[in-house]
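So the chains spell out like this:
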Amino acid sequence: ALFMRVARTAADGFVVLSLFGPDTSEVRLIAAGEEHAPARVLRPRERGIRYEVNEWEGSLIALSNADGATDRQILRLDPKHLQPQRTLVPHRLGVPIIAMMPFATTLVRLERVDGLHRLVLLQPSGEEIPIAFEESSYVLELPPAQRWNASHVRVVHQTLAQPPRWLDVRLSDGQITEVGRDSWSGVDSQAYHIERLLAVADDGQSVPITVLSRKDLDGGASLPLLLTGYGAYGISIPASFNTNCLSLADRGFVYAIAHIRGGKDKGFAWYENGKMEKKENTFKDFIAAADHLVKERFTSY
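Treat the numbers as computed from the prediction; the structure is a model and nothing was measured.

## A short note on the sheet that holds strand β11 (residues 116-122)
Ordered in space as β9-β10-β11-β12, the four strands form an open sheet in which the pairing is antiparallel. Each of the sheet's edge strands pairs with one partner strand only, and the pair in question is β9 (97-102) and β12 (128-131). Each adjacent strand pair in this sheet contributes to an overall mean axis angle of 25 degrees, direction not counted. With five bridges joining them, β9 and strand β10 (residues 107-113) adopt antiparallel strand pairing. Bridge assignment links Ile97 to a residue of β10, and that residue is Glu111.

Below you can see the structure in the form of structure tokens.
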């Protein structure tokens, strides 16, 4: 049971046939202009190995979890033999690379650090420009099909209280310009306070928590609080704009998301350590998050 996707690389040099399933993938390449040539298999499918391919700086590049890179690495490939030539972005445990997007001048990647999205611009010189945002908790998306020779990358930014807004990030230096935003009648984003906390689990692991409340409420430990989370199947619960949460906050609730093990908020190991014989960690993380919120006087038992 595999899916198949057909696309061209960003620089338009290859047609890419991607076959992929939950735990395997296989990429076949056809050089642009040679559509009748046989497809070349980049790496035969192998259970547990996922990879995707694009083109940057005159070479093929791969985003892959091969060779133990569970949170993925970006490799430059030899275009003749399609073998790894050098590492552009090394594997960093607990910092999963979510997506890469090549442009003529810059390689853009979206990753997570301590469960929080980060955008990084990699220049041909090897210099990296991480893009900073003011909010303590937010969600980023990279819209697909952006122009190869663009001077900016467009991203979608949102928080639990702020509707999506579209930002252009200049590839040369990371300067941010807002180009549009959603507007919701009756929603005042400035009326809410968003915090990001870290609870300590029984085994010393730090569990991120996103907290939403109204600024004009000062009930302390007397406020009701709804704590939610998931912690299964590697699914991460994003702290994205949600009017249901705002409705609760308007009624005097504190709303919190515990980013517990079983999801991939802090990488593949965060998922592995929250399933099967380690499933107990999921529940302990949730309890640790609740205890921390009480300790910090957001609510009480």
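## So, helix α3 (residues 280-295)
Between its first and last C-alpha atoms α3 spans 22 Å; for 16 residues at 1.5 Å apiece the expected length is 22 Å, and the two agree. Of all the residues in α3, the buried ones are Asn281, Thr282, Asp285, Ala288, Ala289, Ala290, His292 and Leu293. Lining the buried residues of α3 we find β17 (192-200), β18 (206-214), β19 (225-228), β20 (254-258) and α2 (268-272). Note on α3: the residue one or two positions beyond its end, Arg297, has a positive phi of about 65 degrees.

## Concerning unusual backbone geometry
Although it is not a glycine, Tyr233 adopts a positive phi angle of roughly 60 degrees. The residue Tyr233 is located in the loop between β19 and α1 (243-250) in this model. Within the chain, Arg297 stands out as a residue other than glycine whose phi angle is a positive 65 degrees. Here Arg297 is to be found in the segment after α3. Owing to a relative accessible area of 55%, Arg297 belongs among the exposed residues under this scheme.

Reading the values: rules and limits
- Throughout this description, residue numbers start from 1 for each chain and increase along the sequence as written.
- Whole-chain, interface and lining totals are the exception, using all residues; otherwise, since this is a predicted model, local features are given only for residues with pLDDT of at least 70 and side-chain atom pairs are given and counted only at 80 or more.
- Here the side-chain values reflect all heavy atoms present in the structure, with hydrogen atoms and water set aside.
- Strand pairing is assigned whenever DSSP detects at least two bridges linking the two strands.
- Counting from the N terminus, the helices are the DSSP runs of H or I reaching at least four residues and the strands are the DSSP runs of E reaching at least two.
- Axis definition: a line fitted to C-alpha atoms, over the contacting stretch in the case of helices. Angles run 0 to 180 degrees between N-to-C directions.
- The span expected for a helix works out to 1.5 Å for each residue beyond the first.
- Classification of residues uses two cut-offs on accessible area relative to the type maximum, computed with a 1.4 Å probe and protein chains only: under 20% is buried, over 50% is exposed, and between them is partly exposed.
- Note on definitions: a residue-residue contact is assigned when non-hydrogen atoms from the two residues lie within 4.5 Å.

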